[in-house]
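Working through the structure, step by step
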Amino acid sequence: MKKSLLGIFSAIVTPFDKNEQLDIAALKTNFSRWQTTPLAGYLVLGSTGEVVHLDEKEKVEVLTTARESISDDKAMIVGTGLHSTAATIAFTKLAAECGADYALVVSPHYFKSSMTALALSAYYQAVADASPIPVLLYSVPQFTGISLAPELIGKLSEHPNIVGIKDSSGDMKALTQTISLVKNSFMVLTGSAPILYPALSIGAQGAILAVANFAPVLCSQIFQAVIDKNNAKAWELQLKLLALSEQIASRYGVGGIKYAMDLLGYKGGIARSPLLMPDSNAQITIKSLLQDTNI
């Protein structure tokens, strides 16, 4: 039975120790805390999880730990997209063997100019045909330089094994068009915290967010306020989330998220080079913001 994609999902970090080695104990500690929050599930091996910095052995270690740590009532989404169709299919099958409930497949982008709508459509359909688990599209143009067009998403939503999308573009116009074009059962999740409330208001069914690593309750409260039609509360909480997202996640990236986690009792660890951790001035800014927002 498919697990629900309705709600807030954390795009989890992958903790590393001071020597930049995988810290499985820290990951287990984080899951033990996240599991007490209203999160609907987790994205493992996503962009925030520094998936591009992991070798396959490390990926399997993370997947195994995640599967052991995530309760049966929460969905485990795994980032499986690679640059070739064959590699993506192979890793998607491996993720399924490790217990993934859904595969999140980023658009291939190394040969960006060749990634036409035709090429992307063929890629996603081939992956979905071969995947033993349901597939989610992943549009993240700030990293790939490629935006999945609403028309393409609408076409792909007709595939029985393509069940949703994580749209991290932050483009409300494109998101609105996407929601209008996909079939009703297709789940549209935003990956952009600054537009969480507006996205939910126009019909997105949830979100997969980096800031949910350290602010899972706040993100979940916004979702619940929308469900309850308490727009005033949702807007008030969205302004708080906007500050956290813009001044921590967007400004300082993975390192900023990990530092905020450490301040709040999670185990963020360090970012793997060439990513950098926040310098002393940035640390002061992040700490002050967490205090001001009462996170």
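Residues numbered from 1 in each chain as written. Predicted model: local features only at pLDDT ≥ 70, side-chain atom pairs only at ≥ 80, totals over all residues. Heavy atoms only, no water.

Attention now goes to the overall build of the protein. The helix and strand inventory of the protein stands at 11 helices and eight strands. Here the protein has a C-alpha radius of gyration of 18 Å; the compact-globule value for 295 residues is 19 Å, and the two agree. When the backbone C-alpha atoms are referred to their principal axes, the protein occupies close to 50 × 45 × 40 Å. Among the 295 residues that make up the protein, the fraction classed as buried is 54%. (Helix = DSSP H or I, 4+ residues; strand = E, 2+ residues; numbered from the N terminus. Rg over C-alpha atoms; globule rule 2.2 N^0.38 Å. Buried < 20%, exposed > 50% of the residue type's maximum accessible area, 1.4 Å probe, protein only.)

It is worth spelling out the packing of helix H10 (residues 231–263) against helix H11 (residues 280–292) at this point. Axis separation between H10 and H11 bottoms out at 10 Å; the angle between their running directions is 95°. Of the possible angle classes, the one that applies to H10 and H11 is roughly perpendicular. In this structure, H10 contributes Ala243, Leu244, Gln247, Ile248, Arg251, Tyr252, Gly256, Tyr259, Ala260 and Leu263 to the contact, and H11 contributes Ala282, Gln283, Thr285, Ile286, Lys287, Leu289 and Leu290. Tallied by class, the residues present in the contact of H10 with H11 amount to 11 nonpolar, four polar and two charged. (Axes fitted to C-alpha atoms, helices over the stretch in contact; angles between N-to-C directions. Parallel < 35°, antiparallel > 145°, perpendicular 65-115°, else oblique. Contact = heavy atoms within 4.5 Å. Nonpolar A, V, L, I, M, F, W, Y, C, P; charged D, E, K, R; others polar.)

Turning to the nonpolar core, a few remarks are in order. Val44, Leu45, Leu63, Leu137 and Phe214 are the most contacted members of the largest nonpolar core, which totals 81 residues. Setting aside residues no more than four positions away along its own chain, Val44 makes contact with Ile12, Val62, Leu63, Ala66, Met76, Ile77, Val78 and Gly79. Ranked by size, the runner-up nonpolar core spans 17 residues in total, among them Leu5, Ala11, Val140 and Leu189. (Core = buried A, V, L, I, M, F, W, Y, C linked by side-chain atoms within 4.5 Å.)

A separate point is unusual backbone geometry. With an omega dihedral of 20°, the bond running from Ser273 to Pro274 counts as a cis peptide bond. Following the sequence through the fold, Pro274 ends up in the loop between H10 and H11. Positive phi, close to 55°, is recorded for Glu50, a residue that is not glycine. Of note, Glu50 is situated in the loop between strand E2 (41–44) and helix H2 (56–69). On the basis of relative accessibility, which here comes to 2%, the residue Glu50 falls in the buried class. The backbone phi angle of Asn294 is positive, close to 60°, even though this residue is not glycine. One can find Asn294 in the segment after H11.

In a beta sheet, neighbouring strands are held together by backbone hydrogen bonds and run either parallel or antiparallel to one another. The strand order E1-E2-E3-E4-E5-E6-E7-E8 describes a closed barrel built from eight strands, whose pairing is parallel. Averaged over all pairs of adjacent strands, the angle between strand axes in this sheet comes to 25°, irrespective of strand direction. Summarising the sheet, strand E4 (residues 102–106) and strand E5 (residues 135–139) pair through four bridges and their orientation is parallel. Looking across to E5, one finds that Ala103 is bridged to Val135. (Pairing = 2+ DSSP bridges.)

Nothing here speaks to function; it is geometry throughout.
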